[in-house]
Amino acid sequence: MARGRIRAKLRRSSLYTFGCYRPHPSDTERPHEIQGPGYSRMVYCNKPHLHETKPLRYCSNYISTTKYNIITFLPKAIFEQFRRVANLYFLLAAILSFSPVSPFSAYSMVAPLVFVVGLSMAKEALEDWRRFMQDMKVNLRKASIHKRDGIFGNRPWMKIRVGDVVKVEKDHFFPADLLLLSSSYEDGICYVETMNLDGETNLKVKRALEVTLPVDDDVTFKEFSATIRCEDPNSNLYTFVGNLEYDRQLYPLDPSQILLRDSKLRNTAYVYGVVIFTGHDSKVMQNATKSPSKRSRIEKQMDKIIYILFTVLVFISLISSIGFGVKTKNEMPHWWYLQAPDDKDLYNPDKPVVSGIFHLVTALILYGYLIPISLYVSIEVVKVLQALFINQDIRMYDEETGTPAQARTSNLNEELGQVDTILSDKTGTLTCNQMDFLKCSIAGKAYGTSACDVELAAAKQMAMDLNGQNKNGAPNSWEKGGKEFGESEIELEKVVTSKDENGRKPTIKGFSFEDGCLMNGTWLKEPNVDVILLFFRILSLCHTAIPELNVETGNFTYEAESPDEGAFLVAAREFGFEFCKRTQSSIFVRERYPSFQNPIEREFKVLNLLDFTSKRKRMSVIVRGEDGQIFLLCKGADSIIFDRLSRNGRMYEEVTTTHLNEYGEVGLRTLALAYKKLDEAEYSAWNEEFSKVKTSIGGDREEMLEQLADSMERDLILVGATAVEDKLQKGVPQCIDKLAQAGLKIWVLTGDKMETAINIGYACSLLRQGMKQICITTVNLDTVDKNSKEDVKENILMQITNALQTVNLEKDPHAAFALIIDGKTLTYVLEDDMKHQFLNLAVGCASVICCRVSPKQKALVTRLVKEGTGKTTLAIGDGANDVGMIQEADIGVGISGCEGMQAVMASDFSIAQFRFLERLLVVHGHWCYKRIAQMICYFFYKNIAFGLTIFYFEAFTGFSGQSVYVDWYMLLFNVVLTSLPVISLGVFEQDVDSEVCLQFPALYQQGPKNLFFNWCRIFGWMGNGLYTSLVIFFLNIIIFYDQAFRAGGQTADMTAVGTVMFTCIIWAVNCQIALIMSHFTWIQHFLVWASIATWYIFLLVYGSISPVFSEYAFKILIEVLAPAPIYWITTLLVTVACILPYLAHISFRRSFNPMDHHIIREIKYYKKDVEDQHMWSRERSKARQKTKIGFTVRVDAKIRQLRGRLQKKYSSLATHNVIPLTETKHS
């Protein structure tokens, strides 16, 4: 802000009785006694250079969420690679390949290992580079810093130092933890939005020390100097202890002067602050944990399979070693051509044990192909390509912000398909922090014609059911009451469709109210005009907002503490009561009353303002009108207001309560409005006492103020109630509904208060009418202090035990329970002796909502669910307060909204809107899980089929250590000849397309149930590999053992037999993968058949090379194998024999015990989804997991309710029709 700008003259602190109390000068607290460990931090204000040397050398403001840096990348990445047991084995094998005991040349062992490890490390480097670039976006943000001589200039966040004086302007984030020095308001007040830290939408009021208020312009910092001694960096967001030494005086500091990093300045033009904590010392970063190294369940299970195969490898190597030792001792002396013992003493009949040990090493290397070295690198490649498809999915691209989905790490793709529980933040994740005035109740009459989605959907469904019955000619049990039903129950549909037909006026932010009875002055014709007038005046006067004139539009916008307050002021403006000006003592409202066409500006003197606090749950303002009358206007929670009504003020209580319940059931946030008329003497007496207490000195001052406010806010007269919609993000209810149908459990963890969280629960269908709510709370705050911790815990445990018993004894199949618990109670519940009982109760409930939870509690709840259930958890959030939860969960998803990037930087996947989670899990998660599972099973199959043939041949040749295959064959097997088809399986395979995944959400349960990677399926594939290896080896040996197969009568040598066997393997494993694939594109076709063709091309090229290199394989294809018909016949016979059992298995499975996707594919194949819509709809309804939450369940419950009403109407009609007939008959 330019030097010399006129500061806001309104002293905002005068608006607050409770929220922003500044001690009386004579009541100033003594400085804190700061000494000892934990309170050693010294900050020299405006002298940042003093903190560049020890012992004051504090960390920089640079933040990093990467796993590696330039120095640590090589050692850490190599450690990560060789943490995998398979890579460790191949490293050992590569080292041993340089010894004389190796059956293979060194290059054939080292080259694949270097390729595999190098590719994996390159992928890790790429993903970490992306994290680094996102970190730099934050680090390079600009902030205005005092440089010298009262001159401020921009500097990147990362270069801000402790002691720097920072100027932050409206709607900007604080770059570090600051001590507030002054603000654009005279009395040093500023408003801070902490939604990014604690999820709360209400603005927090911060105040500077009175002694620093004069440093309020750039120039004043030229000579500014002070010293701060305070607590060391810690993770507690809500406490701060320190002293400020200024002008040789000590002043105590508390949290009300501290501005935390990543909170935002709101409703204040600018503030000045001095940096206390930077970078990873800041409180928000202290709450973060290091990026954990996450591994998917499939990868962990894959390690167990590797261990099994390694055990098999050691076992057959021992057999081979023992066999070789026996052969060496008993038979080798007779084998004169071997010249035993040899020069290197590798086989010596006199030392059979030593020879056996040498051969054990040879066998461990020889049979290494049982362990697929290319498995890890193939999975890495597949996961990167899968992540690319996720990033490029146009249906997860947010057009408003231009933000695509992003897989920040590809290690967890398949984990997306195995999620059991979703733990979600509320503010900014489910909601968009926008309030819309939707309905109201005034003088016992409900206004607002907009129908909620649940009622509308239920009415439409009922209408469809009735129409369907009539079309089918079925007798309609409600036919006699049909007309009445059509005119009343389904009237909702007409209301909404008529709005669409007539066209809607341009939408007004914060105002979605529609009712001709109140708009455009028509309320003047209503019967209770005086009450309606009071209602509108309460909306326009009872607040702490500041109006700002928008020069372009001519309308006023309002800087309010909460979105609710802003929505009320917009509503008042639209009703004709426009709040247009505030002075130190007055509020001016432009009223369209008594004539709507001629607005009159009226002044209301603000005598007192009793502001809102979370404890009071209400707000009041005492005003004097132009006619001299004094009114107390009050708004607050209905339970609080109703308790304070006078006997004469309860005229509308019963009907208003009904309206409030209806609003609450559809997820609207409600407040009750009331007033009280005061006479001059009554007010003067109260105000004299109030002013006396307000300026008093003493520890009970605030308690006395509260008592006086409470005495004034009694004997109120009810005016009505408001219903405000906390706008959900687009598609949230539908997304939650689909996820619930997919069988996922959804928990909401929010820092917001319980009432707000419950309203959102209703809005997004986690709660519904008729659901039994279990609220676990601690006893009253006053009694907690008196009782011991054990008594409180005992009380909570009793609540949990009783609730668990209620849940277990429930017999109604439609009954559903919702568990609601607050953060204070969670403090006790999360202790070791109680957390498992809590988890048992939570698992038995349909939905769980945790309110007022701290960032640490979010992480602890996530850990409890993850470890307690043993199932996959997913955490999703958008703010810095969600980082711990995101990192603790098996999968962390960040919402890349407008509230900073901390959640995204800590996440594994990022999306722009919550609704994209549906596609991320139900489509991509389902596909990735099945692809990876099938790919790994196939890998083990093909390597067992290949590796065991080496063992059989070695045993067949007297455990000689001789391989039947040429080195180049084995080198190419995993890297070239079978790698690309399996990668195509992992990238392109689809059991069903994306639309079907969304239409049949129950298909998702194949992942959490692990149907495609359980031990039964794994051992089945291993058995298939064993069978294939036996068929390939023994059929080839039987055919070629002593048979002349060439035209010249020659028998097959070892190279010829090995080549034929290898040809059979290539054909068998590639045909097998073709049978596995259920979704073919030209890419799969090309890669499968090209892999087979590549083998023949290689044989042709390799056989044409000089015998110096090709050795015994010279002209192997052209001269030896191709001219021999038996070669081609054997290939065909062995291939068919290998794949026949699998073909029989899948035929039997699909015919007699099909899985869901088999049925769906058959329906799609025969186009029954188009020709028989009824069958398709029936199958879709079957493919929904039984759930008790979600929009569909609420609609079903509404339908049951409507049917119940109709049944009663029909019964009463039938009774009325029968009685007269009976009487006539008797007469």
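It should be emphasised that the depicted structure is a prediction, and the values quoted were computed from it without experimental measurement. (Residues numbered from 1 in each chain as written. Predicted model: local features only at pLDDT ≥ 70, side-chain atom pairs only at ≥ 80, totals over all residues. Heavy atoms only, no water.)

Brief notes about the overall build of the protein chain
Per the secondary structure count, the protein chain includes 40 helices and 33 strands. The buried share among the 1227 residues of the protein chain stands at 56%. The contacts in the protein chain between residues at least 6 apart in sequence include a share of 76% that link residues at least 24 apart. For the protein chain, the computed accessible surface area is about 53,400 Å², with 56% contributed by carbon and sulfur atoms. (Helix = DSSP H or I, 4+ residues; strand = E, 2+ residues; numbered from the N terminus. Buried < 20%, exposed > 50% of the residue type's maximum accessible area, 1.4 Å probe, protein only. Contact = heavy atoms within 4.5 Å. Areas by Shrake-Rupley, 256 points an atom, 1.4 Å probe, with all protein chains shown as cover.)

What to know about the sheet that holds strand β8 (residues 226-230)
If you trace the four strands from one edge of the open sheet to the other, you get β1-β8-β9-β10, paired in antiparallel fashion. Two strands bound the open sheet, and with one partner strand each, they are β1 (41-45) and β10 (249-253). In this sheet, neighbouring strand axes are inclined to one another by 20° on average, regardless of whether the strands run parallel or antiparallel. With five bridges connecting them, strand β9 (residues 242-246) and β10 associate as antiparallel partners. Looking at β10, one finds that glycine 242 is bridged to leucine 253. (Pairing = 2+ DSSP bridges. Axes fitted to C-alpha atoms, helices over the stretch in contact; angles between N-to-C directions.)

Re empty space enclosed by the protein
The full count for this structure, using the stated rule, is four cavities of 30 Å³ or more. Taken as a whole, the second largest cavity holds about 130 Å³ of empty space. Lining the second largest cavity are 13 residues, with Phe90, Ser108, Pro112, Tyr369 and Ile373 positioned closest to its centre. Per-element tally for the lining of the second largest cavity: the top contributor is helix α28 (residues 967-977), with four residues. Looking at the lining of the second largest cavity, its residues break down into 10 nonpolar, three polar and no charged. (1 Å grid on protein atoms, 1.4 Å probe; cavity = no way out; pocket = protein on both sides within 12 Å on 5 of 7 lines; lining within 4 Å. Points joined across faces, edges and corners; volume = space filled by probe spheres on them. Nonpolar A, V, L, I, M, F, W, Y, C, P; charged D, E, K, R; others polar.)

Structural notes on a nonpolar patch on the surface
On the surface, Ile1097, Leu1100, Val1101, Ile1105, Val1108, Phe1109 and Ile1118 cluster together to form a nonpolar patch covering roughly 670 Å² of accessible area. Every element with two or more residues in the nonpolar patch is listed here: α33 (1082-1104) and α34 (1107-1110). Here phenylalanine 1109 is to be found in helix α34. (Patch = residues over 30% accessible without salt bridge, like charges linked within 9 Å, V, L, I, M, F, W, Y side chains within 5 Å. Salt bridge = Lys/Arg side-chain N within 4 Å of Asp/Glu carboxyl O.)

Things to note about the side chain of glutamine 729
Along the chain, glutamine 729 falls in the loop between β26 (717-728) and α18 (732-741). Reaching out from glutamine 729, the side chain makes a polar contact with the backbone nitrogen of phenylalanine 914 at a distance of 3.4 Å. Contacts of glutamine 729, omitting those with residues within four sequence positions, involve Gly428, Thr429, Leu430, Thr431, Cys432, Gln913 and Phe914. (Polar contact = N/O pair within 3.5 Å; in protein donor to acceptor, adjacent residues only side chain to side chain.)

Considerations on the pattern of salt bridges
Going through the model one piece at a time under the given rule, you end up with 53 salt bridges. A salt bridge links glutamate 299 to lysine 383, with the shortest nitrogen-to-oxygen separation between them at 4.0 Å. In this pair, glutamate 299 sits in helix α6 (residues 297-330) while lysine 383 sits in helix α8 (residues 373-391), placing the two residues 84 residues apart along the sequence. There is no split in this pair, since glutamate 299 and lysine 383 are both buried. Across the pair lysine 445 and glutamate 526 runs a salt bridge, and its minimum N-O distance is 2.9 Å. Remark: glutamate 526 occurs in the loop between α11 (491-502) and α12 (529-541) and lysine 445 occurs in strand β17 (residues 445-447); sequence separation between them is 81 residues. Residue classification places glutamate 526 among the buried positions, given a relative accessible area of 12%. Three or more residues joined by partner-sharing salt bridges are found here, namely Arg616, Arg618, Arg644, Glu706, Asp710, Glu713 and Arg714.

Regarding the packing of α28 against helix α32 (residues 1054-1076)
The interhelical angle for the contact between α28 and α32, taken along N-to-C directions, is 15°, at an axis separation of 12 Å. Comparing their axes, α32 and α28 come out roughly parallel. Considering how the two elements wind past one another, α28 and α32 form a crossing that is right-handed. Residue-level contacts link Tyr969, Phe973 and Leu977 of α28 to Thr1059, Phe1062, Ile1065, Ile1066 and Asn1070 of α32. Broken down by class, the residue content of the contact of α28 with α32 amounts to six nonpolar, two polar and no charged. (Parallel < 35°, antiparallel > 145°, perpendicular 65-115°, else oblique. Left-handed = near helix turned anticlockwise from the far one by under 90°.)

Some words on the packing of aromatic side chains
Applying the stated criterion across every chain, the model contains 52 aromatic pairs. An aromatic cluster of at least three residues, connected via ring pairs, comprises Phe437, Phe511, Phe513, Trp523, Phe535, Phe536, Phe568, Phe575, Phe577 and Tyr593. Looking at lysine 167, its charged tip hangs above the ring of tyrosine 270, at a distance of 5.3 Å from the centre. In this arrangement the basic side chain of arginine 592 is found over the ring face of phenylalanine 596, its NZ or CZ atom lying 5.3 Å from the centre. (Phe/Tyr/Trp six-rings, centres within 6.5 Å; stacked < 30°, edge-to-face > 60°. Lys NZ or Arg CZ within 6 Å of the ring centre and 35° of its normal.)

Details of the state of the cysteines
Scanning all chains against the criterion turns up zero disulfides. Lacking any disulfide linkage, cysteine 1064 is separated from the closest cysteine sulfur, that of cysteine 1138, by 7.4 Å. With relative accessibility at 0%, the residue cysteine 1064 sits in the buried group. (Disulfide = S-S within 2.5 Å.)

Thoughts on the pairing of strand β30 (residues 847-851)
Of all five residues in β30, five are buried, a share of seventy percent or more. Bridge count between strand β27 (residues 745-749) and β30: three bridges; the pairing is parallel. Counterpart to valine 748 in the pairing with β30 is isoleucine 849. Examined bridge by bridge, strand β29 (residues 817-822) and β30 share five bridges and lie parallel to one another. Bridge pairing in β30 places isoleucine 820 opposite isoleucine 849.

Details of the UniProt feature "binding site: Mg(2+)" (unreviewed entry) in the protein chain
Sequence positions flagged by UniProt for "binding site: Mg(2+)" (unreviewed entry) are, in local numbering, Asp425, Thr427, Asp878 and Asp882. Separation in sequence by 458 residues is not matched in space for these annotated residues, since their most distant C-alpha atoms are only 10.7 Å apart. Along the chain, the position of aspartate 425 falls in the loop between β15 (419-424) and β16 (431-442). Setting aside residues no more than four positions away along its own chain, aspartate 425 makes contact with Leu430, Leu749, Thr750, Lys858, Ile876, Gly877, Asp878, Asn881, Asp882 and Met885. A distance of 3.1 Å separates polar atoms of two side chains, one belonging to aspartate 425 and the other to lysine 858. Within the element layout of this structure, threonine 427 appears in the loop between β15 and β16. The buried category is assigned to threonine 427, whose relative accessible area is 1%. (UniProt positions renumbered as here; feature names shortened; annotations may be inferred.)

Observations concerning unusual backbone geometry
Across residues other than glycine, the phi torsion is negative in most instances, and most of the peptide bonds are trans. The residue after tyrosine 593, namely proline 594, is reached through a cis peptide bond having omega 10°. With respect to the element layout, proline 594 can be found in the loop between β21 (586-591) and β22 (600-610). Despite not being glycine, aspartate 149 has its phi angle at roughly 50°, a positive value. With respect to the helices, strands and loops of the structure, aspartate 149 is situated in the loop between β2 (142-148) and β3 (151-156). A positive phi angle, near 50°, is found at arginine 852, a position not held by glycine. Structurally, arginine 852 is set in the loop between β30 and α24 (855-869).

Remarks on the packing of helix α27 (residues 916-956) against α28
Here α27 crosses α28 at 175°, and the two axes come no closer than 12 Å. When the axis of α27 is compared with that of α28, the two are roughly antiparallel. Contacts from Phe939, Lys942, Asn943, Phe946 and Ile950 in α27 reach Met970, Phe973 and Asn974 in α28. Its residues assigned to classes, the contact of α27 with α28 comprises five nonpolar, two polar and one charged.

Things to note about the sheet that holds strand β12 (residues 264-266)
With antiparallel pairing, the three strands of this open sheet are ordered in space as β7-β6-β12. Whereas interior strands pair on both sides, the edge strands pair on one side only; in this sheet they are β7 (204-207) and β12. This sheet shows a mean twist of 45° between the axes of neighbouring strands, independent of strand direction. Summarising the sheet, strand β6 (residues 189-193) and β12 pair through three bridges and their orientation is antiparallel. The residue of β12 that forms the bridge with glutamate 193 is lysine 264.

Observations concerning the environment of asparagine 802
Of note, asparagine 802 is situated in helix α21 (residues 789-809). Placed 39 residues apart in sequence, asparagine 802 and leucine 841 show a C-alpha to C-alpha distance of 9.9 Å.

Some details on the confidence of the model for the protein chain
Residue-level pLDDT values for the protein chain average 82, and 86% of them are 70 or greater. Throughout residues 1-7 the model reports pLDDT below 50, and contacts reaching past four residues in sequence, or to other chains, amount to 15 contacts. Of the regions scoring below 50 in pLDDT, residues 1219-1227 engages in zero contacts with residues more than four places distant in sequence or in other chains. (pLDDT = per-residue confidence, 0-100.)

Quick word on helix α15 (residues 653-665)
Taking 1.5 Å per residue, 13 residues should reach 18 Å; α15 reaches 18 Å between its end C-alpha atoms and fits that length. Regarding α15, the residues found buried are Thr656, His659, Leu660, Tyr663 and Gly664. When α15 is viewed along its axis, its buried side chains cluster within an angular range of 135° and face the same direction. Contacts made by the buried residues of α15 are with β16, β17, α14 (638-643), β25 (669-678), β26 and α19 (754-763). Where α15 terminates, the next one or two residues include glycine 667, which has phi positive at roughly 90°. (Expected span 1.5 Å × (residues − 1). Arc of directions from axis to C-beta.)

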